[in-house]
There are 2 protein chains.
Amino acid sequence: MDANTPAALNRKLSAFVALSEAELGVLDRLQHRRRRFAAGHDLVQQGQAPKSVYLLTSGWVCSYKVQADGTRQIVDFQVAGDFLGLRSLLLRTSDHSFEPVVDSYAAEVSAGDLLAAFGEAPRLAIAMLWAASRDEAMVVEHLVGVGRRDADARMAHFLLELGSRLALVGLGDGDGYDCPLTQTHLADALGLTAIHVNRTLRRLRERGLMTFRDGRVQFEDRQGLVTLAGFDPAYLDQTGPLLA
Amino acid sequence: MDANTPAALNRKLSAFVALSEAELGVLDRLQHRRRRFAAGHDLVQQGQAPKSVYLLTSGWVCSYKVQADGTRQIVDFQVAGDFLGLRSLLLRTSDHSFEPVVDSYAAEVSAGDLLAAFGEAPRLAIAMLWAASRDEAMVVEHLVGVGRRDADARMAHFLLELGSRLALVGLGDGDGYDCPLTQTHLADALGLTAIHVNRTLRRLRERGLMTFRDGRVQFEDRQGLVTLAGFDPAYLDQTGPLLA
DNA sequence: CGTCGATTTGACTAAGATCAATTTAGGTGG
DNA sequence: CCACCTAAATTGATCTTAGTCAAATCGACG
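Residues numbered from 1 in each chain as written. Chains lettered and ligands numbered in written order. Predicted model: local features only at pLDDT ≥ 70, side-chain atom pairs only at ≥ 80, totals over all residues. Heavy atoms only, no water.

A.B. asks: Describe the relation of the copies chain A and chain B, and please don't skip the residues or the numbers.
C.D. replies: Under the fitted operation, chain A is carried onto chain B by 0.0 Å of movement along the axis and a turn of 180°, and the coordinates agree to an RMSD of 0.0 Å. Here the copies are linked by what is in effect a two-fold axis. The C-alpha atom lying nearest the rotation axis in chain A is that of Leu143 of chain A; the distance is 2.6 Å. Looking at the interface residues of chain A, 100% of them are also at the interface in chain B, so both copies use one shared face. (Least-squares fit on C-alpha atoms with pLDDT ≥ 70 in both. Contact = heavy atoms within 4.5 Å.)

Right, dumping it as structure tokens:
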């Protein structure tokens with residue numbers, strides 16, 4: 001799908017710790033067992049206990065929880081370089097489900113292989129822990145948005161964060177990025193209805209801040225968006241860990 | 001404050017993996033450097049880079065983020081047996097602040113001591129990772145509540161979860177528990193206003209489901225609350241990990 | 001007794017949800 | 001190539017939940 005994405009994880013972790021050739025080699029070998037996931041077909045059911053982690057190499061996946069009344073909350077989106085199901089390895093019951101938003105490719109890594117790789121390259125473990133912590137910080141920021149930002153700021157913040165994440169793995173730049181999400185995905189992520197998402201996007205467009213059309217997010221006034229959203233990317237911290 | 005709370009962490013982890021005498025000893029030795037935190041005085045400022053973790057032995061603390069406009073979102077509450085600032089050890093910038101809700105006591109553990117303890121008792125590391133994963137699952141569930149539950153269900157779910165957590169460390173039981181939170185705390189946690197929290201508690205009381213008065217949460221109709229909230233404690237999983 | 005914070009209640013407003021259509025764009029079969 | 005089907009996007013009208021503004025009550029504490 002995109003030639004440079006197999007290296008997305010390398011690129012992401014390298015932005016954080018300088019990994020040696022040997023460590024990058026271990027990382028590459030982990031990503032041998034490739035699997036394809038077709039858009040719309042769920043990956044893991046809520047309540048199952050998986051024994052593998054997936055490293056997404058290309059595509060988009062969302063992780064979500066559904067409630068008894070059928071409403072769903074999307075917790076996070078995963079793009080190239082992101083992990084799927086890391087937490088589920090530790091908790092006996094997987095606490096949410098995964099839906100590929102578009103056809104996606106991921107490397108399947110067994111818990112055993114992962115532990116072996118950590119033994120071989122301990123700094124890899126640190127780097128992955130950093131990535132996991134960063135993911136958790138994003139969930140926290142997501143909670144802040146849903147709890148304390150109005151629809152416009154919430155949308156702006158969400159799309160800015162996504163832009164930063166994608167730029168880190170070489171997809172898109174400061175001006176915008178390609179984004180296959182539907183307004184329903186946005187609604188389920190932001191705790192809004194699809195209808196309100198539509199009106200929110202219209203407002204942002206009419207204010208000259210950004211457009212989202214034909215699968216493309218385009219920032220027209222990035223600074224204006226940042227101000228509206230109160231976006232402070234400190235929580236995406238790319239400057240390295242304390243333990244290194 | 002409460003005689004049995006110093007053992008809260010032991011009790012919590014033991015509910016999950018059977019720890020040996022030796023492992024429990026390592027755990028106890030970690031908790032020697034006690035510190036007191038006075039109610040209302042913040043522990044760590046957003047943006048600082050701490051080099052220690054705290055293990056709360058008694059009291060209540062909340063972790064939160066404040067936004068530029070002054071609104072705040074409480075991400076989680078910590079009670080006896082919970083960690084403070086574990087994630088901040090990995091991300092260079094601490095991504096939120098801590099406020100002791102009441103006078104609290106915590107053991108300060110340096111990153112070095114923690115790593116040493118893991119070397120001595122590797123199963124302790126697994127158990128603590130489990131606890132960290134569980135904390136993250138709680139944040140996810142919190143996000144689901146704020147995003148997709150109305151005020152009544154959100155409140156009911158929150159108070160039920162808190163009850164389960166407290167029962168695990170021996171504070172309170174299935175009927176209720178002592179809770180020092182103000183309605184403002186609840187509002188900042190649930191993404192509501194304090195006024196609406198007040199009305200929400202009144203509705204729950206009038207429906208005969210529960211009361212919250214004079215620092216005491218009392219379940220009157222636990223099953224009714226569980227149904228209203230759609231509370232499924234699977235994400236609090238106490239049945240053990242895959243890696244053990 | 002007076003002050004301050006927390007709780008409680010009422011009246012009103014507003015952000016976002018719900019209900020109901022219509023339009024648009026891809027894909028499919030004939 | 002075109003009629004048809006479906007999912008997504010768009011818009012209007014109306015309703016509901018929760019927020020805002022204002023004020024009274026209550027309790028702890030100096």
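A.B. asks: Tell me about the packing of aromatic side chains, and please be specific about residues and values.
C.D. replies: Residues and elements named next belong to chain B. Counting across every chain of the model gives eight aromatic pairs over all chains. Judged by centre distance (5.5 Å) and plane angle (85°), the ring pair of Phe37 and Tyr54 falls under edge-to-face. Taken together, the positions of Phe37 in strand β1 (residues 34-37) and Tyr54 in strand β2 (residues 52-58) put the pair 17 residues apart, joining distant regions of the chain. By relative accessible area, Phe37 is classed as buried at 7%. Taking the centre distance of 6.0 Å and the plane angle of 70° together, the rings of Tyr177 and Phe219 count as edge-to-face. (Phe/Tyr/Trp six-rings, centres within 6.5 Å; stacked < 30°, edge-to-face > 60°. Helix = DSSP H or I, 4+ residues; strand = E, 2+ residues; numbered from the N terminus. Buried < 20%, exposed > 50% of the residue type's maximum accessible area, 1.4 Å probe, protein only.)

A.B. asks: Can you tell me about the side chain of Arg87 of chain A, naming the residues and giving the values?
C.D. replies: Tracing the backbone shows Arg87 of chain A in the loop between β5 (83-84) and β6 (97-100). What makes Arg87 of chain A buried here is its relative accessible area of 12%. Residue contacts for Arg87 of chain A: discarding those within four places in its chain leaves Asp95 and His96 of chain A together with Ser133, Glu136, Ala137 and Val140 of chain B.

A.B. asks: Run through the domain arrangement of chain A, naming residues and quoting values.
C.D. replies: When the parts of a complex come together, some accessible area is lost, and that lost area is often used as the size of the interface. Residues and elements named next belong to chain A. Here chain A is partitioned into domain 1 (5-135) and domain 2 (141-236). Every contact between the two is made by 21 residues of domain 1 and, on the other side, 19 residues of domain 2. Each partner contributes to the roughly 1800 Å² buried at the junction of domain 1 and domain 2, and carbon and sulfur atoms together form 63% of this total. Of all residues in domain 1, Trp60, Phe77 and Arg134 give up the largest surface area on contact with domain 2, accounting jointly for 37% of the area buried on that side. Counting the contacts that link domain 1 with domain 2 gives three salt bridges. Among the salt bridges present, the one from Asp76 reaches Arg165, with a minimum N-O distance of 3.1 Å. On inspection of domain 1 and its partner domain 2, the count reaches eleven residue pairs in polar contact (both at pLDDT 80 or more). At the level of elements, α1 (8-14) and β4 (72-78) are the ones that each hand at least two residues to the side of domain 1 that touches domain 2. Looking at the side of domain 1 that touches domain 2 element by element, the count peaks at seven residues for β4. Of the residues belonging to the side of domain 1 that touches domain 2, the class tally is eleven nonpolar, three polar and seven charged. (Domains from an automatic or database assignment. Buried area = accessible area lost by both parts, 1.4 Å probe. Salt bridge = Lys/Arg side-chain N within 4 Å of Asp/Glu carboxyl O. Polar contact = N/O pair within 3.5 Å; in protein donor to acceptor, adjacent residues only side chain to side chain. Nonpolar A, V, L, I, M, F, W, Y, C, P; charged D, E, K, R; others polar.)

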